[in-house]
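# Structural overview
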There are 2 protein chains.
Amino acid sequence: MSLIIQNISKHISLTQEEECLFLSKTQILNYKAKTIVLHSGEICKHSYFVNHGLLRSFNINDNIVEHVLHFACEGWWIGDMYSLISQKPGNLFIEVLEDAEVVLLSKENQEILYQEIPKLERFFRILTEKSLVSNQERLMDNLSLSAEERFEKFCKKYPTLIQKVPQKQIASYIGVTPEFFSTMKSKMLRK
Amino acid sequence: MSLIIQNISKHISLTQEEECLFLSKTQILNYKAKTIVLHSGEICKHSYFVNHGLLRSFNINDNIVEHVLHFACEGWWIGDMYSLISQKPGNLFIEVLEDAEVVLLSKENQEILYQEIPKLERFFRILTEKSLVSNQERLMDNLSLSAEERFEKFCKKYPTLIQKVPQKQIASYIGVTPEFFSTMKSKMLRK
DNA sequence: AAAGCAACTTAATGTAGATTAAGAAATTTT
DNA sequence: AAAATTTCTTAATCTACATTAAGTTGCTTT
């Protein structure tokens, strides 16, 4: 069974026909590393589900400083939620970090699917709730923890990502500069 | 029409019977200011919708430092999403800041309502999506903006709250100490 | 209205993390 | 495999914000 159907089946159960219908509304694309799948300023037309490979979303400050919002590897969803639901230009980039196979679900097809398979409302509600919870936790961590503590939490929460993601992007995710991250890391190793 | 039904009707349409059914599954409670509606360590059993008054959710660090996650005044929802969906003990407090009338929707009744009025899945999906978008924006702001810029955004985004919320809690929301907030504010006025 | 407490202010001092800069290591491109 | 580009490291200096402390204003309680 395809990974995306497995993912959905964790929270709702679909009949064979529903699975087929769902898949028929998606397309699978392969991307090379460094491809920018969505540019800041564009309207986000799709949700992306990662079959394999690694993507990230980030924005860029006036300054040219990047801030990573989200990493997505195998079995994860990614997109620009703001732009996707408002259909206005967003301020996120989505970039492929490692060659990837991605399932695209367009906004229109998603709405069609909501009508044809109302259970999917439930699935995406649950998905969004989980995403919200994890975001709230990250927000509170940024308000209350030191950079070291945030890094430790990151390692525990995403052990597979540490191997894969360039260090400067982990730095950006936890909210410090690459220079500070580097010195902090070697300080932590010395203990 | 009740405020909560208006709120729901912004995104889905309910029949008369559905409205009645929905309301029959809720209860309305009045709280005095300073009431703690939910304590850290408890399992959150309800979603709260504010008819009038003002509530906030926050957590407390080892240190006794509070961090405000969310304010909710008239027409807003509040709860501990993590605890609500996992039904595990949460780490948020929910406190009444101004005498309030609140609609409570229990987790069980919410699940019953999902079965009886499947459209509600859609409503709460959309609600959660909006919440996620606003949270993501706040997270990115915390990563990329200065305290002054965050405060200015707060003022623009929640103009009614500035009048109502004690200053030290705005400080906590934007992620600075009350002392720094105070000096920052008077510096901003001098310009 | 007095007493008590919490919220706000101001100022001095301290520090986590930013910035700048320059070299070393690793990866990509040719 | 050389050249080019990007990532990582180290170290010095700087700054936004925290901490501490003490005083003031404004609520709340009695």
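These numbers were taken from a predicted model, which means no experiment stands behind them.

On to the protein's contact with DNA strand D, then. Lining the immediate environment of DNA strand D, one finds 16 residues, of which Gln 167, Lys 168 and Ser 182 of chain A together with Ala 147 and Thr 177 of chain B sit closest. What you see for DNA strand D is that sugar and phosphate hold 73% of its atoms within 4 Å of the protein. In this structure, a phosphate oxygen belonging to DNA strand D sits 2.9 Å away from a main-chain N or O atom of Lys 168 of chain A. A distance of 3.3 Å separates a phosphate oxygen of DNA strand D from a polar atom in the side chain of Lys 185 of chain A. Secondary structure elements with two or more residues in the surface near DNA strand D: α8 (167-174) and α9 (178-190) of chain A together with α6 (147-157) and α9 (178-190) of chain B. No other element matches the five residues that α9 of chain A contributes to the surface near DNA strand D. Considered class by class, the residues forming the surface near DNA strand D number four nonpolar, seven polar and five charged.

With 32 residues of chain B at the interface, the matching set in chain A holds 31 residues. Contact between chain B and chain A buries roughly 3200 Å² in total, counting both sides, with carbon and sulfur atoms accounting for 66%. Together, Leu 139, Met 140 and Leu 143 of chain B form the three largest contributors to the area buried by chain B at its contact with chain A, with a combined 20%. The interface formed by chain B and chain A contains six salt bridges. Between Arg 122 of chain B and Glu 111 of chain A there is a salt bridge, with the nearest N and O atoms lying 3.4 Å from each other. Linking chain B to chain A there are nine residue pairs in polar contact (both at pLDDT 80 or more). Counting only elements with at least two residues in the side of chain B that touches chain A, the list comes to β4 (66-73), α3 (81-86), α4 (107-116), α5 (119-144) and α8 (167-174) of chain B. In terms of residues, the side of chain B that touches chain A owes the most to one element, α5 of chain B, which gives 18 residues.

Once that is clear, we can look at the pattern of salt bridges. Residues and elements named next belong to chain A. This model, assessed by the stated rule, comprises 22 salt bridges over all chains. Close ionic contact of Arg 56 with Glu 66 constitutes a salt bridge, the shortest N to O distance being 2.9 Å. Placement of the pair is Arg 56 in strand β3 (residues 46-60) and Glu 66 in strand β4 (residues 66-73), with a sequence separation of ten residues. The class of Arg 56 is buried, set by a relative accessible area of 3%. Judged by relative accessible area, which is 29%, Glu 66 ranks as partly exposed. For the salt bridge of Glu 129 with Arg 125, the shortest nitrogen-to-oxygen distance reads 2.8 Å. Note that Glu 129 and Arg 125 are positioned in helix α5 (residues 119-144) at a spacing of four residues, about one turn of the helix. Look at Arg 125 and you get buried, because its relative accessible area is 3%.

This part covers the relation of the copies chain B and chain A. Superposing chain B onto chain A takes a rotation of 180 degrees plus a shift of 0.0 Å along the axis, which leaves an RMSD of 0.0 Å. Here the copies are linked by what is in effect a two-fold axis. Ranked by how close their C-alpha atoms come to the rotation axis, the residues of chain B are headed by Arg 125 of chain B, at 2.1 Å. When the interface residues of chain B are mapped onto chain A, 97% of them again lie at the interface, so the same face is used by both copies.

Turning to the packing of α6 of chain B against α9 of chain B, a few remarks are in order. For any two helices packed against each other, one specifies the crossing angle of their axes together with the interaxial distance. Residue and element names in this part refer to chain B. One way to put it is that α6 packs onto α9 with a least axis distance of 11 Å and a crossing angle of 75 degrees. When the axes of α6 and α9 are compared, the pair comes out roughly perpendicular. The segment α6 lies against α9, with Ala 147, Glu 148, Phe 151 and Glu 152 engaging Phe 180, Phe 181, Met 184, Lys 185 and Met 188. Its residues assigned to classes, the contact of α6 with α9 shows six nonpolar, no polar and three charged.

Let's shift gears to helix α2 (residues 16-24) of chain B. Every α-helical turn comprises 3.6 residues, leaving residues that sit three or four positions apart pointing alike. All names here are of chain B. Every buried residue of α2 is accounted for by Glu 18, Glu 19 and Phe 22. Along α2, the residues classed as buried sweep out an arc of 100 degrees about the axis, all on the same side. Away from the buried face of α2 by more than 90 degrees, exposed residues Gln 16, Glu 17, Cys 20 and Ser 24 are located. Buried residues belonging to α2 abut α1 (3-9), β1 (26-31), β6 (93-106), α4 and α5.

Reading guide: rules and limits
- Residues numbered from 1 in each chain as written.
- Chains lettered and ligands numbered in written order.
- Predicted model: local features only at pLDDT ≥ 70, side-chain atom pairs only at ≥ 80, totals over all residues.
- Heavy atoms only, no water.
- Near = heavy atom within 4 Å.
- Polar contact = N/O pair within 3.5 Å; in protein donor to acceptor, adjacent residues only side chain to side chain.
- Helix = DSSP H or I, 4+ residues; strand = E, 2+ residues; numbered from the N terminus.
- Nonpolar A, V, L, I, M, F, W, Y, C, P; charged D, E, K, R; others polar.
- Contact = heavy atoms within 4.5 Å.
- Buried area = accessible area lost by both parts, 1.4 Å probe.
- Salt bridge = Lys/Arg side-chain N within 4 Å of Asp/Glu carboxyl O.
- Buried < 20%, exposed > 50% of the residue type's maximum accessible area, 1.4 Å probe, protein only.
- Least-squares fit on C-alpha atoms with pLDDT ≥ 70 in both.
- Axes fitted to C-alpha atoms, helices over the stretch in contact; angles between N-to-C directions.
- Parallel < 35°, antiparallel > 145°, perpendicular 65-115°, else oblique.
- Arc of directions from axis to C-beta.

Without other data, these values stay purely geometric and don't point to any function.
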